[in-house]
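Geometric and topological summary
Chain by chain, the residues run as shown.
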Amino acid sequence: MLTYTLRRLAFAIPTLLVISFIIFAILDLAPSDPTGQLPLTIPPEVREKIRLSLGLGEPFHVRYFKWCVQFFVNEPLNILEQWTGWSLGDPDRPRVLSWQTRSPVVDLIVERMPQTLWVVGMSYVVGIVIAIPIGVLSAYWQYSWFDQFGTLFSMIGFSIPTFFTGLVFIVVFSVWLGWLPSIYDTTLVVNSWGSFWEQIKQMIMPTMVLGLFNAAQISRFMRASMLDNLNQDYVRTARAKGMTEQVVVLIHVLRNSMIPVVTVLALGVPQIFGGAIITEQIFRVNGLGQLLIGAIQGADIPTVQTLTFIFAVLIVLFNLVADLLYGILDPRIRYD
Amino acid sequence: MRTMPKLLAGAAALALLAGPAAAERGSAGQVNIIYWQAPSILNPFLSGGTKDVESSSLVIEPLARYNEVGEMVPWLVDEIPTVENGGVSEDLTTITWKLSEGILWSDGTPLTAADAVFTAEYCMDPTGGCQQLAAFNDVESVEAVDDLTIKITFTKPKPFPYGPFVGAQSPIIQAAQFADCMGINAPNCTDENFGPIGTGPFVVTDFKPNDVVTFEANPNYRDPAKPAFATVLFKGGGDAASAARSVLETGEFDYAWNLQVEPEILSQMEAAGKGTVISSFGTSVERIHTNFTNPDPSLGDKRSTLEGGPHPFLADPAVTKALSLAIDREILVIAGYGAAGQVTCNVLPNPPAFNSTANDWCKTQDIEEANRLLDEAGYEMGSDGVRVSPDGDRLSVLFQTSTNSVRQGTQALLKQMWAEIGVETELRNLDASVFFGGDPASPDTFQKFYADLEMFTNSFDGTDPETYMASWKSDDIPSPANGWLGNNIPRFQSEEYDALVQEMSETAGLDARADLAKRMNDMVIQSGAIIPLIHRGGVSAHADTLTGIKMNEWDSELWNIADWGRAQ
């Protein structure tokens, strides 16, 4: 297992380098312009100077090489310095700077990561908590009214886009009932029960919007996997041995059915880090998804490049995690 | 000093209005402002976006501002320099500003002329990429004569010398704070760019880029009774409709900016009774630019350039006049703009003194007259309902604009209206960051203009249209030679017009300048280079409890936030 892991990690390095090059090339070829959003009152000559000051005058390979040095060498050194307090050479080494904010992209990511993990991560947890019972019971009572209802629920959750559910939630809970805030207060500091309650209140809507969407998907996986197992011989054996239905379903069938579902869940984790672009935008949660969409709109190439690359790293990593989990959960699978 | 009496009257009126609510600094608690575009940086020299300029305008200030009717008012000075009061030299090459005494930065140090000198050097540094460089056009030097006197020398006579340090785009930053941030170091000064020290009513307490800014009242603000609000929460991001909702329906915010929302939706929200929609008109005009050159793809590199030859039919003023006459601008306003739009027939509709009346024929739709013009000019109706020019070209146009629901609605209406006069229209829309981006390799930029007609809005900062009107000079035509940089999008050429541009750059006196500008406006319109559609205003909304708001399209919308208060 260890050698397998190491081999996979070694393979990941050239893969990621190629990915970073492809992302850079695509962004460079895209016809968007960092001065495109500025008011037209700023004359073209000034725009040209702005572009030059952003480093756009240099050829493609120089810019790519600079980004690589900044991202793969300077940023890790900075992080190491901050964590350990050592000083490793010149502290003023160039960092990856966002064109919109002129501040280091990594700092922006660090600032936004907690909100994304809380809101989007929580929605994933909520999704799982809702989906697993629905999936299990739907499969157990296949074609019952509960199953039909579960199917309807997941169809609705799957097919209604989050920008619509988000809007409906805001209209109902913020405008009509006035219970929940429609705008996420990113300056809120949780330091008392009162502020904790505020935090929960403002997280409810974005978490539920995303949670319902996640639940719809996961419950279908769960149901399908349960159905595969319920007709197996070992289930019949368990029942023949006189075990209660509770034990049969929750211990024998559920554990075996979780194997494919857990890998699906692991593969979904990078999406949490990627944030939920639309939901974060609707509720104005200052997460990574919102950062990404703002950067794309403003043609802030260093930010887009760095973010998408980090997502690529996470996807590669969690693919490995899913594969390893598969091996751990299912003794029949061995990699060595 | 032309505006002084009005200003004093205004100040007196304000003092009366402010009443008990603003009796004490910080007594009104917090005001929540929402901009659906979030500020990225609080240094307007490094980002010229409106969101960045206006959010930083709470902190850093220019020497003089424009008020809500477009008059210049002294801000950090006691009076506006003019030739009459000796502040502007007789030969119009220098202007001397005198700072008011006793103005402090928020850190307690005095504002001096050296700060202004530094600001000019900072922006004019060739390696800094300053986005407000246009304000310093033709500036030869900025010197500090003494601690409170700033003398700006221009390389040539400037009839309108109020470029540097006037308006929200040209504020003064503190020399002590930004001393190490010159030129190529400018972007590395993250702390400075995120928290400039200013003379304005508020200071930055926390800045989360592209998300939220919090401010608190500046303890060293020059008026001890202001600002009435102790803190400001300046939230950004999302979309215009939900920003409007947060003020008008849920009441979570007090002020929302730039609500480009379908007028119907906005009036429904306003009916909830929590807030008021306000609008104000500056110089923005939604217009159609005509391509006077030939955009035929078969021309290859010569496409849409002067070398490629004139447009087969749009260069004929009869055609463009017919297109203009066929438009029912009232309907465009009702469908897409509501309170944010007025019909206009000029590319320069404001300030009022500069508004020409020579083109008012365009205000009412006249399909019959448009058809008659085309018939007379020899454009015969073909069997498919599309006219054919005397040279055999079908009157079929490609009409492009940026992607935006109001613009696509307008495009569809125009297509219908033009069908009635036998002009066939193909519609196209492009993402704004591509369309307005200057990538010379992209075929889709508004400067390359690989289409027959294109629609967008343009405007100018401040109240003087000299630079704006110079956009349509012959030597400002975008072409491969200048990397497609140039403001003369229609490729309009007229020696007479070029002479007027030159004349305006040498003429002082408001009346004479207004007269010149009107003549230039009329030439551009009557040649058909530009078909103006709508004079666009800004639309914002504020909570009914908020007082003292004077919406301003000439300067930052938040220009008088020091006077805002909360009704008891």
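Residues numbered from 1 in each chain as written. Chains lettered and ligands numbered in written order. Predicted model: local features only at pLDDT ≥ 70, side-chain atom pairs only at ≥ 80, totals over all residues.

A few points about the overall build of chain A
The helix and strand tally for chain A stands at 12 helices and 0 strands. Starting at the N terminus and walking to the C terminus, you meet the elements of chain A as α-α-α-α-α-α-α-α-α-α-α-α. For chain A, the proportion of its 336 residues judged to be buried stands at 35%. A sequence separation of at least 24 residues applies to 69% of the contacts in chain A between residues at least 6 apart. (Helix = DSSP H or I, 4+ residues; strand = E, 2+ residues; numbered from the N terminus. Buried ≥ 20, exposed ≤ 12 C-beta atoms within 10 Å, placed from the backbone. Contact = placed C-beta atoms within 7 Å.)

So, the overall build of chain B
What chain B contains, in helices and strands, is 15 helices and 20 strands. The globule rule puts the C-alpha radius of gyration for 568 residues at 24 Å, and the 25 Å found for chain B is close to it. Counting only C-alpha atoms, chain B reaches 75 × 55 × 45 Å along its principal axes. A sequence separation of at least 24 residues applies to 68% of the contacts in chain B between residues at least 6 apart. (Rg over C-alpha atoms; globule rule 2.2 N^0.38 Å.)

Description of the pairing of strand E11 (residues 275-290) of chain B
Residues and elements named next belong to chain B. Where E11 meets strand E18 (residues 530-543), 12 bridges bridge the pair, whose relative direction is antiparallel. Of the residues in E18, the one forming a bridge with glycine 275 is alanine 543. By the bridge criterion, 6 bridges tie E11 to strand E17 (residues 453-458) in an arrangement that is antiparallel. What sits directly across from glutamate 286, in E17, is threonine 457. (Pairing = 2+ DSSP bridges.)

Re the environment of valine 62 of chain A
You can see valine 62 of chain A is positioned in helix H3 (residues 60-84). Each C-alpha atom, one on valine 62 of chain A and one on asparagine 231 of chain A, is 61 Å from the other, the two residues being 169 residues apart in sequence.

Some thoughts on the interface of chain A and chain B
Tallying the contact residues gives 45 residues for chain A and 49 residues for chain B. Of all elements in the fold, only helix H2 (44-53), helix H4 (105-140), helix H6 (162-176), helix H10 (277-283) and helix H11 (288-297) of chain A reach the threshold of two or more residues within the side of chain A that touches chain B. When residues in the side of chain A that touches chain B are grouped by element, the largest group, 9 residues, is from H2 of chain A. Residue composition of the side of chain A that touches chain B, by class: 19 nonpolar, 18 polar and 8 charged. (Nonpolar A, V, L, I, M, F, W, Y, C, P; charged D, E, K, R; others polar.)

Comments concerning the sheet that holds strand E6 (residues 149-154) of chain B
Note: strands within a sheet are paired through backbone hydrogen bonds, in either parallel or antiparallel orientation. All names here are of chain B. With respect to topology, 3 strands assemble into an open sheet ordered E4-E6-E5, the strand pairing being antiparallel. The open sheet has two free edges, formed respectively by strand E4 (94-98) and strand E5 (139-146), since each of these has just one partner strand. This sheet shows a mean twist of 20° between the axes of neighbouring strands, independent of strand direction. Pairing geometry for E4 and E6, over 5 bridges, is antiparallel. Bridge pairing links tryptophan 97 to isoleucine 150 in E6. Against the sheet, helix H3 (residues 113-124) contacts E5 and E6, and its axis sits at roughly 160° relative to E5. (Axes fitted to C-alpha atoms, helices over the stretch in contact; angles between N-to-C directions.)

Focus on the environment of phenylalanine 283 of chain A
Residue and element names in this part refer to chain A. By the element assignment, phenylalanine 283 lies in helix H10. For the pair formed by phenylalanine 283 and leucine 167, sequence separation is 116 residues and the distance between their alpha carbons is 9.3 Å. Discounting chain neighbours no more than four positions away, the residues touching phenylalanine 283 are Gly166, Ile183, Tyr184, Met205 and Pro206.

Some points on H11 of chain A
One turn of an α-helix holds 3.6 residues; hence residues three or four places apart share an orientation. Of all 10 residues in H11 of chain A, 7 are buried, a share of seventy percent or more. For H11 of chain A, the full list of buried residues reads Leu288, Gly289, Gln290, Leu291, Leu292, Gly294 and Ala295 of chain A.

Observations regarding the pairing of E17 of chain B
Residues and elements named next belong to chain B. Across the 6 residues of E17, 5 count as buried, placing the element largely inside the fold. Where strand E15 (residues 396-402) meets E17, 3 bridges bridge the pair, whose relative direction is parallel. Each residue of the ladder has a partner; that of threonine 401, found in E17, is methionine 455.

What about the packing of H6 of chain A against helix H7 (residues 193-230) of chain A?
For any two helices packed against each other, one specifies the crossing angle of their axes together with the interaxial distance. Residue and element names in this part refer to chain A. Direction vectors running N to C along H6 and H7 enclose 140°, while the axes themselves pass 10 Å from each other. Between H6 and H7, the interaxial angle falls into the category oblique. Relative to H7, the crossing made by H6 is right-handed. Each of Thr162, Thr165, Gly166, Phe169 and Phe173 in H6 lies in contact with H7, whose residues at this interface are Met205, Val209, Leu210, Leu212 and Phe213. (Parallel < 35°, antiparallel > 145°, perpendicular 65-115°, else oblique. Left-handed = near helix turned anticlockwise from the far one by under 90°.)

Section: the environment of proline 159 of chain B
Residue and element names in this part refer to chain B. The topology assignment puts proline 159 in the loop between E6 and helix H4 (175-178). The class of proline 159 is partly exposed, set by 18 C-beta atoms lying within 10 Å. C-alpha of proline 159 to C-alpha of valine 88: the two residues are 71 residues apart in sequence and 9.6 Å apart in space. Non-local contacts of proline 159, meaning those with residues more than four positions away in its chain, are made with Leu92, Glu506, Thr507, Ala508 and Arg513.

Details of the confidence of the model for chain B
Residues and elements named next belong to chain B. For chain B, the mean per-residue pLDDT works out to 89, and 96% of the residues sit at or above 70. Predicted confidence in chain B is weakest over helix H1 (residues 4-18), with a mean pLDDT of 44, and strongest over E6, with 95. Ignoring residues within four places in sequence, the model shows residues 1-22, a span with pLDDT below 50, making 25 contacts including any to other chains. Across the whole predicted complex the pTM is 0.84, and at the interface the ipTM reaches 0.82. (pLDDT = per-residue confidence, 0-100.)

Points about the nonpolar core
In terms of nonpolar packing, the biggest core is built from 214 residues, with Ala244, Ala256, Leu259, Ala322 and Ala326 of chain B touching the most fellow members. Of all the elements, H4 of chain A adds the most residues to this core, at 12 residues. Every residue in contact with alanine 322 of chain B, bar those within four places of it in the chain, is listed here: Ala370, Leu373, Leu374 and Ile421 of chain B. (Core = buried A, V, L, I, M, F, W, Y, C linked by C-beta atoms within 7 Å.)

Observations regarding unusual backbone geometry
Residues and elements named next belong to chain B. Look at the link from lysine 226 to proline 227: it is a cis peptide, with omega at -5°. Turning to its location among the elements, proline 227 is positioned in the loop between strand E8 (212-217) and strand E9 (231-236). A cis geometry characterises the amide bond from asparagine 350 onward to proline 351, with omega recorded as 0°. As for its position among the elements, proline 351 is in the loop between strand E12 (341-343) and helix H10 (367-376). Despite not being glycine, leucine 92 shows a phi value in the positive range, around 65°.

Some remarks on the packing of helix H14 (residues 495-504) of chain B against helix H15 (residues 510-526) of chain B
Residues and elements named next belong to chain B. At a minimum axis distance of 10 Å, the contact between H14 and H15 shows a crossing angle of 160°. Our classification of the angle between H14 and H15 gives roughly antiparallel. Seen along the crossing, H14 lies across H15 with a hand that is left-handed. Where H14 abuts H15, its residues Tyr497, Leu500, Glu503 and Met504 lie against Arg513, Leu516, Ala517, Arg519, Met520 and Met523. In terms of residue class, the contact of H14 with H15 is made up of 7 nonpolar, no polar and 3 charged.

Looking at H2 of chain A
Within the sequence span of H2 of chain A, burial applies to Val46, Arg47, Ile50 and Ser53 of chain A. Down the axis of H2 of chain A, the buried set is contained in an arc of 120°. They therefore lie on one face. (Arc of directions from axis to C-beta.)

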